[in-house]
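Coordinates in review
Read off the chains here:
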Amino acid sequence: MTKTQLITYARMTTPFEIEQQIALEREQIRLGLQQLHSNTSRLEEKSYASSSIYGVASIRELIPRVVDSIESTKLRVTQGRAGENFKEIHLFLEKLDSQAAAAIACKITFDKVFSTKDKSNLVSNVTDAIGQAIENECMMRHYEANVPGLLHTLKENYWHKSIGTHQKVVVIRTLMNRCDVDHWKAWGRANRIRLGGWLADCICKSTNWFMTDMRQQGRKRHNYLVPTPEFIARKDQFMATAELFSPIAWPMLIEPNDWSNQSPGGYITNEVMKGYDMVRRGKSPCIQGETPISFLNKIQKVAYTLNSFTVTVAKTLMEKKIEVGKFVPVVEMPLPPKPVDIAENFDSRKDYRRRAAEVMNINSQSFERSCRTRMTMNAVEVFKDKKKFYIPWSFDYRGRVYPIPAFLTPQDTDFGKSLLKFHEPAFVTPEANHWIAFQVATTYGLDKDTMEDRQIWVQNNHDLITRVATDPIGNLSDWEGADEPWQFLAAAEEYHACVLIRSRQFTNLMVATDATCSGLQILSGLARDKSTAKLVNVVPSDRPQDAYKVVAEACYNDIPDHIKPYWDRKCTKRTCLTIPYNAKPYSNRAYIRDALREKGLDIDKDDLTQVVKAVRSAMDRIVPGPMQVMKWIEKEVAAAIDRGADEIQWKTPSGFVVTQRLMKKKTQLIKLELLGRCRVKVAVDEGDEVDKSHHKNATAPNLIHSQDASLLCLSALRFNAPISLIHDSVLCRATDMGILSAIVRETYMHLFAEHDYLTTFAEQIGAESKPPIIGDLEPSTVIDSTYFFC
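Remember, predicted model here, so these are calculated numbers, not experimental data.

Next up on the list: the sheet that holds strand 17 (residues 729-732). With respect to topology, three strands assemble into an open sheet ordered 11-17-16, the strand pairing being antiparallel. Strands with a single pairing partner mark the edges of an open sheet, and in this sheet they are strand 11 (511-514) and strand 16 (723-726). Within this sheet the neighbouring strands show an average axis-to-axis angle of 25°, counted without direction. Both strand 16 and strand 17 contribute to a ladder of four bridges, which runs antiparallel. Bridge pairing in strand 17 links Ile723 to Cys732.

Quick look at the structure:
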């Protein structure tokens, strides 16, 4: 830490507090290293080394080499120069493409060679395992080709209940054998070993990473496949690099270091370790403006504390193993009792193994699902006795801010958010009563209702709120079904204490207001499009506008008649949300199909095509400004790339410099039935060719994100009370929300009324044509919009 920073800390914190923070960061480093090596050892013990840090990195590099080896041998087959032995293998290998065969062989090799299980890396065991995995994949492809409907049904009903690839294969094979289908004909162990041996040989010849080691064991000699000294050195290097990024990220006990263009901020040890950058994935070096850096340092000075009420409820539910929303404790079912005749009765033993396997599958899935909850509760234990703590933040390359810690932040899950309060409370005013009630109703699920209706709902549900606040465990059914149950729980307790019984005169609850269709709000401002602005609450109205409903109604006459009874706003919601972020018709198809399936309707591809066209056509009519702006951006960005630009750069109204550098990555998509889709990098992370298509698709969404980031940045700098942010949402105390809401509306007005930013953007990217600005919106009207952020 520099002398200047030490002087700054001395004014604000005591030496003891600094020592505590340094000790905490050292503990984070220690626990991170412990977790990294523990996870690696656990993967090796379970024969899943292919999923380790060194396994993933090595396999990416290895697969292309093995593919080349396979392809060259296949070429020799066509030329009659491959030899008799390979011709037998080729009969099996021809059922699988080279990429898939290489991916499977590399995965199994790493799993077996680095497994801690006895004799796992015996050459015969490795080659048999490779051959078995290849056969399993071919078997699945056989059933996919011959009985796709049956395979889909079996997967839907049994696939996700099985843990591990081997068990999935056994389940499918067993169930297929019970059906009257063209059964898979097994290859036999000899053929599997022959095929696996040849693939293992390809791996060994492709690199100098593995070799055979003959060992004398008793009177026999056995061959083992082992890593070479060269690979051991590579593995150690991978792990050493991973260790630099392994520390667990927690909140801080003192204010984080300030960021600057010259020195890193956040954690005290970050100045030495440089594990976190001010701009994630940003261009280095890239000088950022004074305004965004001041904003970043300001939000880092906001202090938080744990909500003792929700913490207590969480601990009780953890002990009782009760799941609520995103709170998922470990629920372990006991194994079934063993039958008394299990030793001598085959049917009894078989039945027990089946029932025991089902229980173990459920327990394993429960443990995986509970991972985030367990880690959150671990963080709670660390900070439960801390009076206050702070959160270090950083930018992404668009200018949006994200907490560096993964837990106990405002951008956590519903459960995680409920654990936080601002440390500094504010006096409960009549206006604060209104906003606490707003938080109660909104988190319960009334986020689309008018402000008045939300207040009325709270007034009519004082009994419900009292039950939840005074006995949340006994009245679990009253709050577990809320849209955001944990934040509703926290809000209900605050409302009960501050408004109903007035046992507290101060509030530090975090109240949140969100933008309505942030993408369309920004685009309507850029295009000065009044019709779109009205749909997304930029223009004042008596009640919240529903753009999804308007689009659904606009395309109603253009969709097939048999779909109309199912058609509503939910069918268009995700499409409307994502089109401003350049979602293409293919994505729209998936969203609409899924929405209709939830209503019990399966739609064929021709009808789906018609529906997607109808929705997009309606969007062109209803939100003309945003649609024209996005098309213009695509055209101009493509032209800029064609002129030779290798990146697109612009400066936001807050002074943040966005650098969008998107190069083509050399990847290959490998589709496997058992392992899913594996996108394998076959070269360096970044190629030397600009990805024009990616630039065209990404610029509009990134421009929107950079604009909403500027809106919140400039708003936060004008706001003199505790504040937090979630992308396009602001959080503050109930007492201050009226002031913050006014500041956000005023800032939007200044951004789009006093500046023609789209023209500025056009100049920055060297556009060849003028941007499509409709010009009938007066952004000053947002000042009177109740539902702009609500």
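Turning next to empty space enclosed by the protein. Inspection of every chain in the model, using the stated rule, returns five cavities of 30 Å³ or more. In terms of lining residues, the largest cavity is bounded by Pro410, Lys417, Ser418, Leu420, Gln439, Gln487, Ala490, Leu509, Met510 and Leu731. Among the secondary structure elements, those contributing two or more residues to the lining of the largest cavity are helix 16 (414-418) and helix 20 (485-500). The residue inventory of the lining of the largest cavity, partitioned by class, reads six nonpolar, three polar and one charged.

What follows concerns unusual backbone geometry. Although it is not a glycine, Ser47 adopts a positive phi angle of roughly 60°. Note on placement: Ser47 falls in the loop between helix 2 (15-45) and helix 3 (53-78). Even without being glycine, Leu408 reaches a positive phi, approximately 60°. Checked against the element boundaries, Leu408 lands in the loop between strand 7 (401-403) and helix 16.

Bringing the sheet that holds strand 3 (residues 279-280) into the picture now. If you walk across this open sheet you meet the three strands as 3-6-7, and the pairing is mixed. Bordering the open sheet on either side are strand 3 and strand 7, each of which pairs with just one other strand. Here strand 6 (residues 393-396) pairs with strand 7 via three bridges, running antiparallel. Counted as the bridge partner of Ser394 is Tyr402 from strand 7.

In this section: helix 8 (residues 165-177). The terminal C-alpha atoms of helix 8 lie 18 Å apart, and with 13 residues this matches the ideal 18 Å at 1.5 Å per residue to within 8%. Here helix 8 has its buried residues at Lys168, Val169, Val171, Ile172, Leu175 and Met176. For helix 8, the angular spread of the buried residues around the axis is 165°, confining them to a single face.

Right, let's talk about the packing of aromatic side chains for a bit. Here a ring pair, both rings aromatic, is described through the centre-centre distance and the interplanar angle of the planes. As enumerated under the stated definition, the model contains 26 aromatic pairs in all. Both rings, one in Phe210 and one in Phe231, keep their centres 5.9 Å apart while their planes meet at 25°; by these two values the pair is stacked. Separated by 21 residues along the polypeptide, Phe210 in strand 1 (residues 210-217) and Phe231 in helix 10 (residues 229-244) bring together distant segments of the chain. For the pair formed by Phe210 and Phe231, the shared burial category is buried. Among the aromatic residues, those joined into a ring-pair cluster are Tyr54, Phe110, Phe114, Trp209, Phe210 and Phe231. Here Lys235 stacks its cationic end above the ring of Tyr54, 4.6 Å away from the centre of that ring. Above the ring of Tyr397, the side-chain terminus of Arg398 is found at 5.6 Å from the ring centroid.

Our focus in this paragraph is helix 29 (residues 737-753). The end-to-end C-alpha distance of helix 29 is 24 Å, a good match for the 24 Å that 17 residues give at a rise of 1.5 Å each. Of all the residues in helix 29, the buried ones are Met737, Leu740, Ser741, Ile743, Val744, Arg745, Thr747, Tyr748, Met749, Leu751 and Phe752. In the core, the buried residues of helix 29 are packed alongside helix 17 (430-444), strand 11, helix 21 (518-527), helix 28 (692-718), strand 16 and strand 17.

Glancing now at the side chain of Glu137. If you trace the backbone, Glu137 turns up in helix 6 (residues 123-146). A polar atom in the side chain of Glu137 sits 2.9 Å from the side chain of Arg141.

Reading guide: rules and limits
Residues numbered from 1 in each chain as written. Predicted model: local features only at pLDDT ≥ 70, side-chain atom pairs only at ≥ 80, totals over all residues. Heavy atoms only, no water. Pairing = 2+ DSSP bridges. Helix = DSSP H or I, 4+ residues; strand = E, 2+ residues; numbered from the N terminus. Axes fitted to C-alpha atoms, helices over the stretch in contact; angles between N-to-C directions. 1 Å grid on protein atoms, 1.4 Å probe; cavity = no way out; pocket = protein on both sides within 12 Å on 5 of 7 lines; lining within 4 Å. Points joined across faces, edges and corners; volume = space filled by probe spheres on them. Nonpolar A, V, L, I, M, F, W, Y, C, P; charged D, E, K, R; others polar. Expected span 1.5 Å × (residues − 1). Buried < 20%, exposed > 50% of the residue type's maximum accessible area, 1.4 Å probe, protein only. Arc of directions from axis to C-beta. Phe/Tyr/Trp six-rings, centres within 6.5 Å; stacked < 30°, edge-to-face > 60°. Lys NZ or Arg CZ within 6 Å of the ring centre and 35° of its normal. Contact = heavy atoms within 4.5 Å. Polar contact = N/O pair within 3.5 Å; in protein donor to acceptor, adjacent residues only side chain to side chain.

Interpretation in functional terms is not warranted from these geometric data alone.
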